[in-house]
Amino acid sequence: MKLIGLTGGIASGKSTVAKILQQLGAAIVNADVLSREAVEPGKPAWHEIIAAFGRDVLQPDQTLDRQKLRTLIFNNPTARKQLETIIHPRVRALAEQRIREHAGAGFAVIVYEVPLLFEGNIHEWLRPVILVACDVDVQRRRLEQRDQLDAAAAQRHIDAQMSLEEKRRLADYVIENNGTLADLELQVREVLNKIRAT
């Protein structure tokens, strides 16, 4: 069984690559999905987040207001660290559980898709890592379109993450997503074949 890390910069096409890998027979474990599961109303992380940030971060249905939390931590490293300390260990425990389930089901390739894989030092225990990258102007344009942002706001989001150049240095495989979907699919197949051959 091959366990692969998948990451990428914001709006670089990581989710599209995950879908292609799934079509090629891989099981996908998505950290964003798990993070939402970990903070469902009534769960321990939900209680801890309310204790740390107050009930203002709740929506009327008692779920977390993720946009409000994102805004709260965007320029506040202390608050971000506090939130990560609550969520990350629980997401990792859920991920390990899902990986075991997929392995038990007979999947030969399992992909753990994590937006902040390097920032969370997950590459220290999970290899190989595939990075989905693109040129910064392409990334900014996609982000503007996807999230309805102006150029300055899109750039702030890009600047808040570890640079793609730094991520390229840390990755085992880099998929450059500047072209067509057909180009992307070809690169994904090539990388997957290389990993299967090792």
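Quick caveat: nothing in here was measured; it's all calculated off a predicted structure. Along each chain, numbering runs from 1 in the same order as the chain's sequence is written. Local features are withheld for residues below a pLDDT of 70 in this predicted model, meaning they are given only at 70 or higher, and side-chain atom pairs are given and counted only at 80 or more; totals for whole chains, interfaces and linings count all residues. Hydrogens and water molecules were not included; the side-chain quantities draw on all heavy atoms of the structure.

Now for the overall build of the chain. Each helix corresponds to a stretch of at least 4 residues labelled H or I by DSSP, and each strand to a stretch of at least 2 residues labelled E; elements are numbered beginning at the N terminus. From N to C terminus, the chain includes nine helices and five strands. Counted from the first residue to the last, the chain has its helices and strands arranged as β-α-β-α-α-α-α-β-β-α-α-α-β-α. Only C-alpha atoms enter the radius of gyration; for comparison, a globular chain is expected to reach 2.2 Å times N to the power 0.38, where N is the number of residues. The C-alpha atoms of the chain give 17 Å as radius of gyration, which agrees with the globular expectation for 198 residues (16 Å, within 12%). The C-alpha extent of the chain, read off along each of the three principal axes, is 50 × 45 × 30 Å. The rule is simple: take the accessible area with a 1.4 Å probe, protein chains only, and divide by the maximum for that residue type; under 20% is buried, over 50% is exposed, in between is partly exposed. Among the 198 residues that make up the chain, the fraction classed as buried is 40%. Sequence-distant contacts, at least 24 apart, represent 71% of the contacts inside the chain between residues at least 6 apart. Each accessible area is a Shrake-Rupley result for a 1.4 Å probe, and residues are judged covered by the shown protein chains and nothing else. When the accessible area of the chain is evaluated, it comes to approximately 10,600 Å², of which 51% is carbon and sulfur surface. Note that His is not counted, nor are the chain ends; the positive residues are Lys and Arg, and the negative ones are Asp and Glu. For this purpose, a charge sits on NZ of Lys, CZ of Arg, CG of Asp or CD of Glu. Positive and negative charge centroids in the chain, built from 27 and 26 side chains respectively, lie 3 Å apart. We call two residues in contact whenever any of their non-hydrogen atoms come within 4.5 Å of each other.

A word on the pattern of salt bridges. Here a salt bridge means any side-chain nitrogen of Lys or Arg lying within 4 Å of a carboxyl oxygen belonging to Asp or Glu. This model, assessed by the stated rule, comprises 10 salt bridges. The shortest N-O distance in the salt bridge between Glu113 and Lys14 comes to 3.4 Å. Residue Glu113 is found in strand β3 (residues 109–113), and its partner Lys14 is found in helix α1 (residues 14–23); the two are separated by 99 residues along the sequence. The exposure class of Lys14 is buried, given its relative accessible area of 11%. The shortest N-O distance in the salt bridge between Glu48 and Arg90 comes to 2.7 Å. Of the two residues, Glu48 is situated in helix α3 (residues 44–53) and Arg90 in helix α5 (residues 77–104); the sequence distance between them amounts to 42 residues. The partly exposed category is assigned to Glu48, whose relative accessible area is 34%. Salt bridges sharing common partners tie together Glu165, Arg168 and Glu176.

Attention now moves to the packing of helix α6 (residues 136–147) against helix α7 (residues 151–159). Relative to each other, α6 and α7 sit at 115°, their axes nearing to 9 Å. For α6 against α7, the interelement crossing comes out right-handed. Along its contact with α6, which presents Val136, Gln139, Arg140, Leu143 and Glu144, the element α7 presents Ala151, Ala154, Gln155, His157 and Ile158. When its residues are assigned to classes, the contact of α6 with α7 shows five nonpolar, three polar and two charged. To define axes, lines are fitted to C-alpha atoms, for helices over the stretch in contact only, and angles between the resulting N-to-C directions are given on a 0 to 180 degree scale. Two helices crossing with the near one rotated counterclockwise from the far one by less than a right angle form a left-handed crossing, whereas a clockwise rotation gives a right-handed crossing. Following the grouping adopted for this structure description, the nonpolar residues are Ala, Val, Leu, Ile, Met, Phe, Trp, Tyr, Cys and Pro, the charged ones are Asp, Glu, Lys and Arg, and the polar ones are all others, Gly among them.

Before going further, it helps to examine the nonpolar core. In terms of nonpolar packing, the biggest core is built from 37 residues, with Ile49, Leu64 and Tyr112 touching the most fellow members. Only β2 (27–30), α2 (31–38), α3, α4 (66–74), α5, β3 and β4 (129–133) provide two or more residues apiece to this core. With eight residues, α5 is the single largest residue contributor to this core. Apart from residues lying up to four places away in sequence, Leu64 is in contact with Val39, Trp46, Ile49, Val57, Leu58, Gln59 and Leu69. Residues Ile4, Leu6, Val111 and Val132 belong to the second largest nonpolar core, which totals 19 residues. What is meant by a nonpolar core is a set of buried Ala, Val, Leu, Ile, Met, Phe, Trp, Tyr and Cys residues, joined one to another through side-chain atoms within 4.5 Å.

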